[in-house]
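# Geometric and topological summary
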Amino acid sequence: MSRRKRPNYINKIALERIEILFNQAEKEFSQHPERSDRYVKLTRNISTKYNITLPDYWRGRFCKNCNKFLKPGANLRVRLSGNTITRKCLECGHLTKVPYTHKKN
């Protein structure tokens, strides 16, 4: 028995909710960091329930280990070394390494 495909408007609504929650998490981080962590957890639940990949600009804004909202300088350390970007969550110590290449003019 095959699964039914969800209508497009449901996925569109889910993406809008994810966008709203991440924007709220960014606004609330300085006042209530625990609230922004809750928003991140909700967005992760929405994205897994509706099988939606998060947009690139939000994908690196939370720790995949502890689900905390990350803000560079506050609870995230970003280092450039060689051809990798190293991101360290200061809450749990989880390291994420992303390769990058230099653009030549």
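Relevant structure appears above.
Residues numbered from 1 in each chain as written. Predicted model: local features only at pLDDT ≥ 70, side-chain atom pairs only at ≥ 80, totals over all residues. Heavy atoms only, no water.

### Digging into unusual backbone geometry
Under the convention used in this document: Here a strand is any run of E in DSSP of at least two residues, a helix any run of H or I of at least four, and the numbering for each starts at the N terminus. For each residue, the accessible area found with a 1.4 Å probe, counting protein chains only, is set against the maximum for its type, and the residue is called buried under 20%, exposed over 50%, and partly exposed in between.
With phi around 55°, Asn-51 is a residue other than glycine that occupies positive phi space. Tracing the chain through its elements places Asn-51 in the loop between helix 2 (33–49) and helix 3 (56–59). We classify Asn-51 as exposed; its relative accessible area is 71%. One non-glycine residue, Asn-67, lies in the positive phi region at around 60°. With respect to the secondary-structure elements, Asn-67 resides in the loop between helix 3 and strand 1 (76–81).

### Remarks on the packing of aromatic side chains
To keep things clear, this is the line we draw: For Phe, Tyr and Trp, where Trp contributes only its six-membered ring, two rings pair if their centres lie within 6.5 Å, and the inter-plane angle classes them as stacked under 30 degrees, edge-to-face over 60, or tilted in between. In this analysis the charged atom, NZ for Lys or CZ for Arg, is taken to sit over a ring once it is within 6 Å of the ring centre and within 35 degrees of the ring normal.
A complete count under the given rule lists four aromatic pairs for this structure. Their ring planes at 50° and their centres at 5.8 Å tell us that Phe-29 and Phe-69 sit as a pair that is tilted. One end of the pair, Phe-29, is in the loop between helix 1 (8–28) and helix 2; the other, Phe-69, is in the loop between helix 3 and strand 1, and 40 residues separate them in sequence. What makes Phe-69 buried here is its relative accessible area of 0%. Through successive ring pairs, a cluster of aromatic residues spans Phe-22, Tyr-57, Trp-58 and Phe-62. The ring of Phe-62 is capped by Lys-64, whose NZ or CZ atom sits 5.0 Å from the centre of that ring.

### Section: the pattern of salt bridges
Heads up, the rule is: Salt bridges are counted wherever a side-chain nitrogen of Lys or Arg sits within 4 Å of a carboxyl oxygen of Asp or Glu.
Applying the stated criterion to the full structure yields four salt bridges. Measuring nitrogen to oxygen at the nearest pair gives 3.5 Å for the salt bridge that ties Arg-61 to Glu-26. One end of the pair, Arg-61, is in the loop between helix 3 and strand 1; the other, Glu-26, is in helix 1, with 35 residues separating them in the sequence. What makes Arg-61 buried here is its relative accessible area of 18%.

### Quick word on the pairing of strand 1
Note the threshold: Here the rule is simple: two strands pair whenever DSSP picks up at least two bridges between them.
Where strand 1 and strand 2 (residues 84–89) come together, six bridges link them in antiparallel fashion. When the bridges of strand 2 are listed, Arg-77 appears paired with Lys-88. The turn linking strand 1 back onto strand 2 is made up of two residues, and Gly-82 within it adopts a positive phi angle of 65°.

### Structural notes on the environment of Tyr-9
Considering the arrangement of structural elements, one finds Tyr-9 in helix 1. The spacing of Tyr-9 and Lys-97 is 88 residues in sequence and 35 Å in space, taken between C-alpha atoms.

### Observations concerning the nonpolar core
What counts, and what does not: Nonpolar cores were defined as sets of buried Ala, Val, Leu, Ile, Met, Phe, Trp, Tyr and Cys residues, with membership established by side-chain atoms within 4.5 Å. Residue contacts follow a heavy-atom distance rule, with two residues in contact if any of their heavy atoms lie within 4.5 Å.
Counting 15 residues, the largest nonpolar core has Phe-22, Ile-46 and Phe-69 as the members making the most contacts within it. Listed by contribution, the elements that provide at least two residues to this core are helix 1 and helix 2. Per-element accounting of this core gives the leading share, five residues, to helix 1. If sequence neighbours within four positions are ignored, Phe-69 has contacts with Phe-22, Ala-25, Glu-26, Phe-29, Ser-36, Asp-37, Val-40, Arg-61, Phe-62 and Asn-75.

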